[in-house]
Amino acid sequence: MSFIQSLEKRRTYYNINRELPVSEEEVLDIVRKVTEATPDAFNMKSARVVVALGEKQDQLWDSVYDAFGGQIERGKIDSFKNGYGTILYFIDEDLIKSYQEQFSLYADNFPVWANQSNGMLQSNIWTALREVGVGASLQHYNPVINEAVARLFDIPAGWKLIGQMPFGGIGAEPDGKEKEDINKRVVVKK
């Protein structure tokens, strides 16, 4: 599969289950390798990743439901809980502060660059998982769940939660995507 084909196969999968088409270790290996390979300005390595599996997967999504006091439909939360696991994405803000102090001329840019790198990491892991037949989606229940996640996973105070990626076996394919006139978004000038 080519890189572009892999990107095209990467979709938001809400109907996931605990039947992985590959081993748990293969998924974890993908997460490790992609995290190492994803670029970051000044080679900061600002991204942090926690992978919730098994009991921690269940506790995470129960905590999300509880943090919202029932304001989110239980079925929606359970659709994420039904997955094999969840990848939690963080930025190490203490590390960013150290770069801001070391390179003060660029101080305002380091948080922006860290967010950009984290976005690349999310996309890269999502695409790499899809290449091996694992479905995922990207959720953003932070900052409401930040304290619960920090307690559940013993997260350092300097780590900022960016997103949650429940993943698992694919229960059903998502509906097709509407094509757009890409020339409205990509402009070429000569």
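Residues numbered from 1 in each chain as written. Predicted model: local features only at pLDDT ≥ 70, side-chain atom pairs only at ≥ 80, totals over all residues. Heavy atoms only, no water.

With respect to the overall build of the protein
- A tally of helices and strands in the protein yields seven helices and five strands.
- In the protein, the succession of helices and strands from N to C terminus is α-β-α-β-α-α-β-α-α-β-α-β.
- The C-alpha atoms of the protein give a radius of gyration of 18 Å, which matches the 16 Å a tight globule of 190 residues would have.
- Its C-alpha atoms give the protein principal-axis dimensions of about 50 × 50 × 35 Å. (Helix = DSSP H or I, 4+ residues; strand = E, 2+ residues; numbered from the N terminus. Rg over C-alpha atoms; globule rule 2.2 N^0.38 Å.)

Some remarks on the nonpolar core
- Core analysis: the biggest nonpolar cluster contains 26 residues, and Ile87, Ile125, Leu129 and Phe167 have the highest contact counts within it.
- Secondary-structure elements contributing two or more residues to this core are helix H2 (24-37), strand S3 (85-92), helix H5 (93-102), helix H6 (109-131), strand S4 (134-136) and strand S5 (159-170).
- For this core, the element with the highest residue contribution is H6, accounting for seven residues.
- If we skip the residues at most four places from it in the chain, Ile125 touches Val31, Val34, Thr35, Ile87, Tyr89 and Met165.
- Membership of the second largest hydrophobic core comes to 18 residues, among which are Phe68, Phe80, Tyr141 and Leu161. (Core = buried A, V, L, I, M, F, W, Y, C linked by side-chain atoms within 4.5 Å. Buried < 20%, exposed > 50% of the residue type's maximum accessible area, 1.4 Å probe, protein only. Contact = heavy atoms within 4.5 Å.)

Some words on the UniProt feature "domain: Nitroreductase" (unreviewed entry) in the protein
- When the UniProt feature table is mapped onto this chain, "domain: Nitroreductase" (unreviewed entry) is found at residues 8-168.
- With 49% helix and 19% strand, residues 8-168 has end C-alpha atoms that lie 19 Å from one another. (UniProt positions renumbered as here; feature names shortened; annotations may be inferred.)

As for the pattern of salt bridges
- Enumeration over the complete set of coordinates arrives at 10 salt bridges.
- We note a salt bridge from Asp92 to Arg48, for which the minimum N-O separation is 3.1 Å. With Asp92 in strand S3 and Arg48 in strand S2 (residues 47-53), this pair connects stretches of sequence that are 44 residues apart.
- Where salt bridges share partners, they join Asp62, Arg74, Asp78 and Lys81 into one cluster. (Salt bridge = Lys/Arg side-chain N within 4 Å of Asp/Glu carboxyl O.)

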